[in-house]
Amino acid sequence: MQTALKAGIAINGKQYPVAIVVKDSQSNPNRAGEVANDLILKEKVDIMLVSGTPETANPVSDACEINEMPCVSTVVPWQPWFFGRKGDPEEGFSLHVSLLLGP
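Residues numbered from 1 in each chain as written. Predicted model: local features only at pLDDT ≥ 70, side-chain atom pairs only at ≥ 80, totals over all residues. Heavy atoms only, no water.

**A short note on the pattern of salt bridges**
Close approach of charged atoms allows side chains of opposite charge to pair.
Piece 1. Across all of its chains, the model carries four salt bridges by this definition.
Piece 2. For Lys 23, the salt bridge goes to Glu 43, with nearest N and O atoms at 3.6 Å. Of the two residues, Lys 23 sits in the loop between β2 (14-16) and α1 (29-41) while Glu 43 sits in the loop between α1 and β3 (48-51), which places them 20 residues apart along the sequence.
Piece 3. Lys 23 gets classed as partly exposed once you look at its relative accessible area, which sits at 46%.
Piece 4. We classify Glu 43 as partly exposed; its relative accessible area is 41%.
Piece 5. Here Asp 38 makes a salt bridge to Lys 42, at a shortest N to O gap of 3.7 Å.
Piece 6. Overlapping salt bridges bring together Asp 62, Glu 65 and Arg 85 as one network. (Salt bridge = Lys/Arg side-chain N within 4 Å of Asp/Glu carboxyl O. Helix = DSSP H or I, 4+ residues; strand = E, 2+ residues; numbered from the N terminus. Buried < 20%, exposed > 50% of the residue type's maximum accessible area, 1.4 Å probe, protein only.)

It is worth stressing that arrangement in space is one thing and function is another; only the former is reported here.
As structure tokens, this is what we get:
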């Protein structure tokens, strides 16, 4: 992704730089939440991408929701992510972002 986005992204004809910050949860749910909060509150990221197991993805998603930060997850099965975070299909969550990637 660093290579693909090295020139940034163009939105409405204006070029914006993109910096990707990679952090390691060390497969620890508590650390995953702490790292997410640091990225949001200290590094001031604009969007969070989380991957891995629900044990580490869910705390990141929770931190994002509390801080009203868009969060995109990948590789995480949706059922443990949704229901593990006490999701209700009738209500959803207070903040969500849908992202479709395709050709």
